[in-house]
Amino acid sequence: MSLTVVTVSPRVAPGLLALPAWDALRAGPVRCLDAEHPQLPALAAAGIAVEIVEAVPADGVLLCGETVPDGVGGEVLPGSWDLPGARLLDAVAVMDRLRSPGGCPWDAEQTHRSLMPYLLEEAYEAYQSLEDEDDPGLREELGDLLLQVLFHARLAEEHADGGAWSIDDVATELVDKLVSRHPHVFAADPGDEAARGIGADEVNARWEELKAEQKGRTSVTDGVPLAMAALSLAAKLQRRADKAGVTDADFDAGPGLGAELWGLVARARAEGIDPEEELRTVARAYRDHLLERGH
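Rules behind the numbers
Residues numbered from 1 in each chain as written. Predicted model: local features only at pLDDT ≥ 70, side-chain atom pairs only at ≥ 80, totals over all residues. Heavy atoms only, no water. Core = buried A, V, L, I, M, F, W, Y, C linked by side-chain atoms within 4.5 Å. Buried < 20%, exposed > 50% of the residue type's maximum accessible area, 1.4 Å probe, protein only. Helix = DSSP H or I, 4+ residues; strand = E, 2+ residues; numbered from the N terminus. Contact = heavy atoms within 4.5 Å. Phe/Tyr/Trp six-rings, centres within 6.5 Å; stacked < 30°, edge-to-face > 60°. Patch = residues over 30% accessible without salt bridge, like charges linked within 9 Å, V, L, I, M, F, W, Y side chains within 5 Å. Areas by Shrake-Rupley, 256 points an atom, 1.4 Å probe, with all protein chains shown as cover. Salt bridge = Lys/Arg side-chain N within 4 Å of Asp/Glu carboxyl O. Lys, Arg positive; Asp, Glu negative; His and termini not counted. Charge placed at Lys NZ, Arg CZ, Asp CG, Glu CD. Pairing = 2+ DSSP bridges. Axes fitted to C-alpha atoms, helices over the stretch in contact; angles between N-to-C directions.

(A) Local environment of the nonpolar core. Formed by 15 residues in total, the largest nonpolar core has its most connected members in Val6, Leu17, Leu25, Val30, Leu43, Ile48 and Leu63. Every element with two or more residues in this core is listed here: helix 1 (19–27), strand 2 (30–32), helix 2 (40–45) and strand 4 (60–63). Residue contributions to this core peak at four residues, all from helix 1. In this view, Leu63 contacts Val6, Val8, Val30, Arg31, Cys32, Leu33, His37, Gln39, Leu40 and Leu43; residues no more than four positions away in its chain are not counted.

See the structure below:
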């Protein structure tokens, strides 16, 4: 009799195993090197006896984790495997461990407010990776940005005033939003040629309409974050006004450079240029110029 190694992912609920794995486990005998293996209660409930051993057996079935221990031979039978996004569960578990008693003292002291600078900093670093076309760097920076999302969600979960929410609530709202604002994808009749042929401009217009309906916005300025960089904020407000059909004929920007900059933003938009990106490009070129001159 040969050895069959059944591997299972710790990110899959106990008992959710592939049929060939269940068949192998029922055939037995089943042994396991880990007395705390998460699948043991499910196997016990199914009437499958598991012997906890210290050495790899020569035959039968060996229940493992997601990887096969070094030096173990035999047929490998995947009992369960990760779905896309499953590693996010690991990130949630690590954040929980850091914030729980016995975790990291620094993490334990943080609040929503104390983390505010890091949220902005990580977003800027991810933005810079895009500017630099640094793909590996972008992957890392997006991870740092994700940490901020996990951290704030974990803090919110600890609210004792009845207003607690978790990372699952964040994900639920995001999914509901994406589905409801993409009716041409999730609700359209597959045979509806008009729905399938909808263009990007129509999609964007419909997105804005649905957003306004769902959020109950009554002003074109609702939802515009004033913490944006000044050039981006000016461009955002001008775009909102344009979409609403508002003209600037009666707006007096006043004297001084502020009014000139406001006009330059309008000019950049008219030419299809992102003013923030344009100025950043020049600023980065000047940075390089200074470095080349040894300053």
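(B) Local environment of the packing of aromatic side chains. For the structure on display, the rule yields two aromatic pairs. Geometrically, the ring pair formed by Trp106 and Tyr118 is edge-to-face, given 5.9 Å between the ring centres and 80 degrees between the ring planes. Separated by 12 residues along the polypeptide, Trp106 in helix 4 (residues 105–109) and Tyr118 in helix 5 (residues 116–131) bring together distant segments of the chain. Considering the side-chain rings of Phe251 and Trp262, the 5.6 Å spacing of their centres and the 55 degrees angle between planes classify their relative orientation as tilted. In this pair, Phe251 sits in the loop between helix 11 (230–243) and helix 12 (257–270) while Trp262 sits in helix 12, placing the two residues 11 residues apart along the sequence.

(C) Structural view of a negative patch on the surface. Residues Glu157, Asp168, Asp169, Glu173 and Asp176 make up a contiguous surface patch of negative charge. Ranked by residues supplied to the negative patch, first place goes to helix 7 (residues 167–180) with four residues. Its place among the elements puts Glu157 in helix 6 (residues 135–157). The class of Glu157 is partly exposed, set by a relative accessible area of 44%.

(D) Region of interest: the sheet that holds strand 4. Strand order in the open sheet made by the five strands is 3-2-4-1-5, with parallel pairing throughout. Strands with a single pairing partner mark the edges of an open sheet, and in this sheet they are strand 3 (50–52) and strand 5 (75–78). The sheet shows a mean angle of 30 degrees between the axes of neighbouring strands, direction not considered. Two strands pair when backbone bridges link them, and strand 1 (residues 3–7) and strand 5 are joined in this way by four bridges, in the parallel orientation. Residue pairing for strand 5: Thr7 is matched across the bridge by Pro78. Across the face of the sheet, helix 1 comes into contact with strand 1, strand 2, strand 4 and strand 5 while running at roughly 125 degrees to strand 5.

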